[in-house]
Amino acid sequence: MPAPLKNDLYLRALGRENTERTPVWVMRQAGRYLPEYLETRKRAGDFMTLCSTPELACEVTLQPLDRFNLDAAILFSDILTIPDAMGLGLRFEAGEGPIFDKPVRTRADIESLPVPDPADELRYVTDAVSLIRRELDGRVPLIGFSGSPWTLAVYMVEGRGTKDFSKVKGLMFSEPALMHQLLERTADSVTAYLNAQVEAGAQSLMIFDTWGGVLSPAMYREYSLAYMQRIVDGLKREAEGRRVPVVLFTKNGGAWLDAMADTGCDGLGVDWTTDLAVARQLTEDRVALQGNLDPSTLYATPERIREEVKRVLESYGHGPGHVFNLGHGIHQHVNPDHLGVMVDAVSEFSAR
Ligand code: CP3
């Protein structure tokens with residue numbers, strides 16, 4: 001039997017239950033701003049080896065928890081593990097970000113895409129989840145995650161990061177049926193992958209839709225939200241006698257929070273361009289909200305960071321259902337001590 005949770009603030013806040021204070025964790029909390037992460041990555045040799053070696057993935061998952069009073073751990077991995085397992089040939093080039101050697105462009109490419117078996121090609125991920133759960137020993141809950149089908153499709157079709165989305169949007173407008181086929185297959189892969197993470201011990205799930213915000217409202221509903229809905233509908237929502245909450249995060253998705261809340265998810269990630277008070281009005285307390293300090297705030301002085309933390313807490317206002325986070329991932333050049341200032345300020349200012 002897994003150890004009982006010593007700190008379940010994060011799960012209770014996502015269930016919109018009262019908590020003694022606002023729980024906090026940080027997107028990319030295990031990453032390059034931590035010298036100990038860079039040391040482990042060096043030992044691993046490269047980023048994908050770090051992801052695919054459970055002992056090392058476990059080690060870096062725990063690093064931020066040893067430094068800061070965080071209320072959740074997030075599996076150390078990447079959203080691109082699925083397309084990698086589909087055989088697209090992922091590599092990370094220094095200064096360039098992710099690159100796929102075999103991007104998906106044609107009907108033949110899409111029709112031959114496999115749905116990876118999480119127990120096989122992605123076994124290293126579920127092995128990492130089990131190991132992390134064992135090492136956490138009930139300290140805080142573990143978050144599993146995946147990319148949204150649309151966001152994964154952006155990387156799969158473009159083959160690398162993009163500024164204009166010309167190839168993926170070109171496919172969407174010129175071959176809509178084919179695009180839907182790609183998204184369907186990706187959504188089914190994500191569903192199986194997330195359910196396998198839950199079976200291995202993930203206690204909450206998050207879906208990162210980093211690129212949903214580049215779509216028009218109609219295209220967002222049809223090409224991104226519809227597939228997150230398909231995933232939410234297919235997820236195991238309970239494990240070990242407890243709800244496994246699901247959080248959806250569309251970066252730049254402030255205009256669609258209402259529609260996102262209708263999927264039946266438990267929480268929504270909110271970036272810093274939407275005030276939490278507005279997000280709360282839009283979602284009418286149907287879901288919990290997670291966010292949303294501008295990550296650049298961590299370049300400011302400790303005093304200024306504390307003021308901004310207070311502002312975010314006040315914009316959420318009274319009542320349960322807030323999980324404090326940055327509005328997107330922490331930047332790599334941030335001083336780790338500044339994150340400590342933020343985390344401590346959340347506890348101090350939100351104590352009830
Ligand atoms: O949050 C965590 O601590 C868990 C780990 C995590 C990583 N990536 C580790 C990582 C998570 C949740 C992700 C998600 C992810 N990966 C997203 C969605 C969230 C977001 O940021 O919008 C996306 C779009 C990716 C794809 C990806 N992975 C990119 C574009 C890059 C390059 C980033 C860059 O700035 O170079 C990565 C690499 C990556 N994933 C790193 C980390 C810590 C940096 C790799 C390194 O150590 O060099």
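First, a word on scope: everything that follows refers to the structure included in this document. (Residues numbered from 1 in each chain as written. Predicted model: local features only at pLDDT ≥ 70, side-chain atom pairs only at ≥ 80, totals over all residues. Heavy atoms only, no water.)

### As for the sheet that holds strand 10 (residues 288-293)
Turning to step 1, where the next piece is worked out: In space, the 7 strands of this open sheet follow the order 1-4-5-8-9-10-11, with parallel pairing throughout. Sheet topology places strand 1 (73-74) and strand 11 (322-326) at the edges, where each strand pairs with a single neighbour.
Turning to step 2, where the next piece is worked out: Bridge analysis of strand 1 against strand 4 (residues 142-147) gives 2 bridges, and the strand direction is parallel. Bridge assignment links Ile 74 to a residue of strand 4, and that residue is Ile 143. (Pairing = 2+ DSSP bridges. Helix = DSSP H or I, 4+ residues; strand = E, 2+ residues; numbered from the N terminus.)

### Some remarks on the packing of helix 10 (residues 176-200) against helix 11 (residues 217-234)
Turning to step 1, where the next piece is worked out: Packing of helix 10 against helix 11 brings their axes to within 9 Å, and their N-to-C directions diverge by 30°. Classed by the angle they form, the pair helix 10 and helix 11 counts as roughly parallel. Seen from above, helix 10 lies across helix 11 with right-handed handedness. Each of Pro 176, Met 179, His 180, Leu 183, Glu 184, Ala 187, Asp 188, Val 190, Thr 191, Leu 194 and Asn 195 in helix 10 lies in contact with helix 11, whose residues at this interface are Glu 222, Tyr 223, Tyr 227, Arg 230, Ile 231 and Gly 234.
Turning to step 2, where the next piece is worked out: For the contact of helix 10 with helix 11, the class distribution of residues is 9 nonpolar, 4 polar and 4 charged. (Axes fitted to C-alpha atoms, helices over the stretch in contact; angles between N-to-C directions. Parallel < 35°, antiparallel > 145°, perpendicular 65-115°, else oblique. Left-handed = near helix turned anticlockwise from the far one by under 90°. Contact = heavy atoms within 4.5 Å. Nonpolar A, V, L, I, M, F, W, Y, C, P; charged D, E, K, R; others polar.)

### Notes on the site of the ligand
Turning to step 1, where the next piece is worked out: The ligand sits among 22 residues. The nearest are Tyr 37, Arg 41, Asp 78, Thr 210 and His 328.
Turning to step 2, where the next piece is worked out: Between the ligand and the protein, one listed contact pairs an oxygen atom with a backbone N or O atom of Gln 29 at 3.2 Å.
Turning to step 3, where the next piece is worked out: At a separation of 2.5 Å, an oxygen atom of the ligand approaches a polar side-chain atom of Tyr 37.
Turning to step 4, where the next piece is worked out: Against a free-state accessible area of 880 Å², the protein chains account for coverage of 86% of the ligand. (Near = heavy atom within 4 Å. Polar contact = N/O pair within 3.5 Å; in protein donor to acceptor, adjacent residues only side chain to side chain. Areas by Shrake-Rupley, 256 points an atom, 1.4 Å probe, with all protein chains shown as cover.)

### Some details on the environment of Asp 188
Turning to step 1, where the next piece is worked out: Secondary-structure assignment places Asp 188 in helix 10.
Turning to step 2, where the next piece is worked out: Relative accessible area serves as the criterion here: at 34%, Asp 188 is assigned to the partly exposed category.
Turning to step 3, where the next piece is worked out: Separated by 42 residues in the primary sequence, Asp 188 and Arg 230 place their C-alpha atoms 8.3 Å from one another.
Turning to step 4, where the next piece is worked out: For Asp 188, the residues in contact, after removing those within four places along its chain, are Val 115 and Arg 230. (Buried < 20%, exposed > 50% of the residue type's maximum accessible area, 1.4 Å probe, protein only.)

### Thoughts on the pairing of strand 5 (residues 204-209)
Turning to step 1, where the next piece is worked out: Strand 5 sits mainly inside the fold: 6 of its 6 residues count as buried.
Turning to step 2, where the next piece is worked out: The alternating pattern of strand 5 places Ser 204, Met 206 and Phe 208 on one face and Leu 205, Ile 207 and Asp 209 on the opposite face, and all of these are buried.
Turning to step 3, where the next piece is worked out: As judged from the 5 bridges shared by strand 4 and strand 5, these two strands associate in the parallel manner. Bridging across to strand 5, Gly 144 finds its partner in Leu 205.
Turning to step 4, where the next piece is worked out: Both strand 5 and strand 8 (residues 246-250) contribute to a ladder of 5 bridges, which runs parallel. If you follow Phe 208 over to strand 8, its bridge partner there is Phe 249.

### A closer look at the pattern of salt bridges
Turning to step 1, where the next piece is worked out: Going through the model one piece at a time under the given rule, you end up with 28 salt bridges.
Turning to step 2, where the next piece is worked out: Note that Glu 20 and Arg 12 form a salt bridge whose closest N and O atoms lie 3.2 Å from each other.
Turning to step 3, where the next piece is worked out: Under the relative-accessibility criterion, Glu 20 is labelled partly exposed at 45%.
Turning to step 4, where the next piece is worked out: Residue Arg 67 pairs with Glu 36 through a salt bridge whose shortest N-O separation is 2.8 Å. Within this pair, whereas Arg 67 is found in helix 4 (residues 54-67), its partner Glu 36 is found in helix 2 (residues 35-44), the two being separated by 31 residues in sequence.
Turning to step 5, where the next piece is worked out: Taking relative accessible area as the criterion, Arg 67 reaches 36% and is therefore assigned partly exposed.
Turning to step 6, where the next piece is worked out: In this structure Glu 36 comes out as partly exposed when scored by relative accessible area, which is 23%. (Salt bridge = Lys/Arg side-chain N within 4 Å of Asp/Glu carboxyl O.)

### Thoughts on the packing of aromatic side chains
Turning to step 1, where the next piece is worked out: Summed over the entire model, instances satisfying the criterion amount to 7 aromatic pairs.
Turning to step 2, where the next piece is worked out: For the pair Tyr 37 and Phe 76, a centre-to-centre distance of 5.6 Å together with 50° between the ring planes defines the contact as tilted. One end of the pair, Tyr 37, is in helix 2; the other, Phe 76, is in the loop between strand 1 and helix 5 (81-85), and 39 residues separate them in sequence.
Turning to step 3, where the next piece is worked out: Residue classification places Tyr 37 among the buried residues on the basis of a relative accessible area of 3%.
Turning to step 4, where the next piece is worked out: Accessibility expressed as a relative area gives 7% for Phe 76, which makes it buried.
Turning to step 5, where the next piece is worked out: Summarising the aromatic geometry, the rings of Phe 47 and Phe 76 are spaced 5.8 Å apart at their centres and angled 80° between planes, so their arrangement reads as edge-to-face. (Phe/Tyr/Trp six-rings, centres within 6.5 Å; stacked < 30°, edge-to-face > 60°.)

Shape is all these values report; function is a separate question.
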